[in-house]
Amino acid sequence: MTAPVEGGQVEKLATGIEGFDLVAGGGLPKGRTTLVAGTAGSAKTVFAAQFLAGGITQFGEPGVFVTFEESPADIRRNLRSLGWDVAAWEREGRWAFVDASPAPDEPPGVTGTYDLGGLIARTEAAVRRIGATRVAMDSIGAVFAQFPDAGVVRHELFRVASLLRALGVTAVLTAERLHEYGEVARYGVEEFVADNVILLRNVLEEARRRRTVEVLKFRGTVHQKGEFPFTVMPGEGVVVIPLSALQLRQHSSAVRVSSGNAALDEMCGGGFFRDSIVLVSGATGTGKTLLTTEFVAGGAAAGERCLLLAFEESREQLFRNAASWGRDFAAYEAAGLLRLVCEYPETASLEDHLIRMKQLLAEFRPQRVAVDSLSALERVGSLKAFREFVIGLTSFIKHQEIAGLFTATTPRLMGGESVTEEHISTITDSIILLRYVDMFGEMRRGVTVLKMRGSAHEKVIREYRIDDSGMRIGRTFANVSGILAGHPRVTTPGELERLRELFGDAGA
Amino acid sequence: MPGYRLTLYIAGRTPSAERALANLQRICAKDLHGQYEVSVVDVTEDPQRAEQARVLATPTLVRELPPPIRRVIGDLSDHAAVLVGLNLAPVEGA
């Protein structure tokens, strides 16, 4: 990561915490102490430890962990589950503990004035011994619990902060908060590390836990404002989802890829754009999974790898469906052109789903990705979380410059729109609607391309049928209006004439 | 006859360290009747000893013998608190 140094700007030190450095404008202020405050269970300790682990594994920078609460043995064990072998780093002289956790014997009596000279001497010695450039202290509240005189502790922690500054190390101090939205930290600790404050939250939102990180202030340097969701992953630790910090690079690629259906390609003006996101919206049974299958097959025919993330149907079912339309998923898989991942939406939070999808994309490096259906994920989190998830996924896919196809199920059979549509229609490049048309006592189906960014496309609604070769798109619905609104109405030729006169040319 | 083994941890020759040393001398002479062994560790010179003993506050006085280990913090000016904290039996009464 780069650390921008512009006139008078504080230099940044990349933490190595994925996504966080983007949110923090490059990392933590270098050579300063940053307060990381959060309620119980807000992943403060993981954040502090990961700041050191990131330094060790990514930048070759040794770190000192001063623990006031948990024993080093507990921390080693906890961090091992995240994939970090602290004991090995200790042997290599890249990690050192200062064990300031309460001794097992009874708390010492106070016989007169005291200071925390022992803590300061031990911290300095550990930093010098391994040449540490990073220090984590976890957590400040436990120091106040160990010593009865809060005034002395506050004063001594101020001395610790001065020492760290003098040593030139970048430090993270964690502190407890009682409430998610309230004073920064207990005991007024922000008074002595006032310059840089990060808040970690763990909020109950619609019966689900949602973690966020917010850079409250970085004195003299820039950072992103507001809360960013994050998750704690086994083997990775804290992963921040930088959302609005992502830049939406607009690609004007004119390269087209086939949707897998020649007639649909034609309707789109020659196929989908390679680096675009297409949303297919329709009620249940309109053929969304079929379009997805054709999209996969279209990729396979062109020798492109496709990642299919299915949240509604099982693997067996998808294989059977594909076979019934003459598409052989097993053969695509064997040829390495298809990776099919089926999951229940409820198995993970949206943040975890997003990170898993990113991992799959990074691993498989497909040219196409299909999500069937995106709307199945709506119920996993709050609306806000869903929207953030969709934005995160969309921008990630766009960065990869691959073609994406999402499906959304509309709640009503006729017309209507889904939450998914409402939230992502402005983000997607193209929207294809699949709609039931109730005519003369018969359910028929119609397809239309509602939007095609950067290209001309057909504006008519065509009828289609589904048979054993897939989706057969036919002629336009002549003399019918109100299909999209869910109230198809056959209009007489006379009325059509009148409409044409009203709108100039009401046809294509 | 094994008496007391005490270690006083100080951080440099600060006023409170000086007070602690003077108070400790007085306690040894008055309350321990020669049955003691005292060492003084300056944590700024020997931080490793402080690490091993997990000393945070200075001055800290640790009673290493007889077991169990007991410790008090502060400059030892509160005589009664020292006796209670280190569980030093007032000898003359017995």
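It should be noted that the structure appears before, not after, this text.
Residues numbered from 1 in each chain as written. Chains lettered and ligands numbered in written order. Predicted model: local features only at pLDDT ≥ 70, side-chain atom pairs only at ≥ 80, totals over all residues. Heavy atoms only, no water.

Caption draft 1: Just the sheet that holds strand β17 (residues 338-342) of chain A, in detail. Residues and elements named next belong to chain A. One open sheet accounts for 9 strands, arranged β17-β16-β18-β19-β15-β20-β21-β22-β23; its pairing is mixed. At either margin of the open sheet sits one strand with a lone partner, and together these are β17 and β23 (470-476). Taking the axes of each pair of neighbouring strands and ignoring which way they run, one obtains an average angle of 20° across the sheet. Of the pairings in the sheet, the one linking strand β20 (residues 430-439) to strand β21 (residues 442-452) comprises 10 bridges and is antiparallel in character. By the bridge assignment, Arg-435 is partnered in β21 with Gly-446. (Pairing = 2+ DSSP bridges. Helix = DSSP H or I, 4+ residues; strand = E, 2+ residues; numbered from the N terminus. Axes fitted to C-alpha atoms, helices over the stretch in contact; angles between N-to-C directions.)

Caption draft 2: A look at a nonpolar patch on the surface. Among the surface-exposed residues, B:Tyr36, B:Val38 and B:Val40 lie close enough to one another that they form a single nonpolar patch of about 220 Å² accessible area. Residue classification places B:Val40 among the partly exposed positions, given a relative accessible area of 39%. (Patch = residues over 30% accessible without salt bridge, like charges linked within 9 Å, V, L, I, M, F, W, Y side chains within 5 Å. Areas by Shrake-Rupley, 256 points an atom, 1.4 Å probe, with all protein chains shown as cover. Salt bridge = Lys/Arg side-chain N within 4 Å of Asp/Glu carboxyl O. Buried < 20%, exposed > 50% of the residue type's maximum accessible area, 1.4 Å probe, protein only.)

Caption draft 3: Region of the structure containing the packing of aromatic side chains. Residue and element names in this part refer to chain A. As enumerated under the stated definition, the model contains 10 aromatic pairs over all chains in all. Ring centres of Trp-95 and Phe-97 lie 5.7 Å apart, and the angle between their planes is 65°; on these two criteria the pair is classed as edge-to-face. A relative accessible area of 2% means that Trp-95 is categorised as buried. Over the face of the ring belonging to Phe-273 we find Arg-256, whose NZ or CZ atom lies 4.1 Å from the ring centre. Its end group placed over the ring of Phe-295, Arg-368 keeps NZ or CZ at 4.8 Å from the ring centre. (Phe/Tyr/Trp six-rings, centres within 6.5 Å; stacked < 30°, edge-to-face > 60°. Lys NZ or Arg CZ within 6 Å of the ring centre and 35° of its normal.)

Caption draft 4: Representation of the interface of chain A and chain B in the model. Counting residues at the interface gives 27 residues for chain A, matched by 26 residues for chain B. Roughly 2100 Å² is buried in total at the junction of chain A and chain B, and carbon and sulfur atoms are behind 54% of that figure. Of all residues in chain A, the largest losses of buried area upon contact with chain B belong to A:Thr111, A:Thr113 and A:Arg122, amounting jointly to 32% of the total for that side. The interface formed by chain A and chain B contains 2 salt bridges. Notably, a salt bridge pairs A:Asp99 with B:Arg54, separated by 3.3 Å at the nearest N-O pair. Summed over the shared surface of chain A and chain B, the result is 17 residue pairs in polar contact (both at pLDDT 80 or more). Listing elements by their share of the side of chain A that touches chain B, those giving two or more residues are β5 (95-99), β6 (109-110) and α5 (117-130) of chain A. When residues of the side of chain A that touches chain B are assigned to their parent elements, the largest contribution, 6 residues, is made by α5(A). Per-class residue counts for the side of chain A that touches chain B are 14 nonpolar, 8 polar and 5 charged. Sheet topology places β6(A) next to strand β4 (residues 70-73) of chain B; 2 bridges connect them, and they run parallel. Bridge pairing in β4(B) links A:Val110 to B:Ile73. (Contact = heavy atoms within 4.5 Å. Buried area = accessible area lost by both parts, 1.4 Å probe. Polar contact = N/O pair within 3.5 Å; in protein donor to acceptor, adjacent residues only side chain to side chain. Nonpolar A, V, L, I, M, F, W, Y, C, P; charged D, E, K, R; others polar.)

Caption draft 5: Focus on helix α2 (residues 44-59) of chain A. Residues and elements named next belong to chain A. In a regular helix each residue adds 1.5 Å, so 16 residues correspond to 22 Å; α2 covers 22 Å between its end C-alpha atoms and thus fits that length. Across the 16 residues that make up α2, a large majority, 12, are buried. In the stretch just after α2, Gly-60 is the one whose phi turns positive, near 65°. (Expected span 1.5 Å × (residues − 1).)

Caption draft 6: Just the pairing of strand β19 (residues 403-409) of chain A, in detail. Residues and elements named next belong to chain A. Of all 7 residues in β19, 6 are buried, a share of seventy percent or more. Here strand β15 (residues 277-282) pairs with β19 via 6 bridges, running parallel. Looking at the pairing, Val-280 lines up with Thr-407 of β19. Bridging between strand β18 (residues 368-372) and β19 involves 4 bridges; their strand directions are parallel. Within the sheet, the bridge partner assigned to Arg-368 lies in β19 and is Ala-403. Chirality of the crossover, the property in question, places the unit of β18, helix α13 (residues 383-400) and β19 among those that are right-handed. (Right-handed = clockwise from strand over helix to strand, strands pointing away.)

Caption draft 7: Quick peek at the pairing of strand β2 (residues 36-42) of chain B. All names here are of chain B. When strand β1 (residues 4-10) meets β2, the two strands line up parallel, connected through 7 bridges. Residue Leu-6 lies in a different strand from β2, and its bridge partner there is Val-38. Each parallel crossover has a hand, and the one from β1 via helix α1 (residues 15-32) to β2 is right-handed.

Caption draft 8: Examining the state of the cysteines more closely. Under the criterion given, the structure shown has 0 disulfides over all chains. Here A:Cys342 stays unpaired: no disulfide links it, and the sulfur of A:Cys306, its closest cysteine neighbor, is 13 Å away. (Disulfide = S-S within 2.5 Å.)

Caption draft 9: Focus on the sheet that holds strand β4 (residues 63-67) of chain A. All names here are of chain A. The 9 strands lie next to each other as β5-β4-β7-β8-β3-β9-β10-β11-β12, forming an open sheet whose pairing is mixed. The sheet is open, and its two edges are formed by β5 and β12 (237-240), each paired on a single side. Taken pair by pair, the neighbouring strands of this sheet meet at an average axis angle of 25°, ignoring direction. As paired strands, strand β7 (residues 134-138) and strand β8 (residues 170-176) are joined by 4 bridges and run parallel to one another. Looking at the pairing, Ala-136 lines up with Val-172 of β8. Sheet contacts for helix α7 (residues 150-167): β3 (33-38), β7 and β8; angle to β7, the most-contacted strand, approximately 165°.

Caption draft 10: Quick peek at the environment of A:Ala175. Residues and elements named next belong to chain A. Within the element layout of this structure, Ala-175 appears in strand β8. Residue Ala-175 is classed as buried on the basis of its relative accessible area, which comes to 2%. Separated by 35 residues in sequence, Ala-175 and Ile-140 place their C-alpha atoms 5.2 Å apart.

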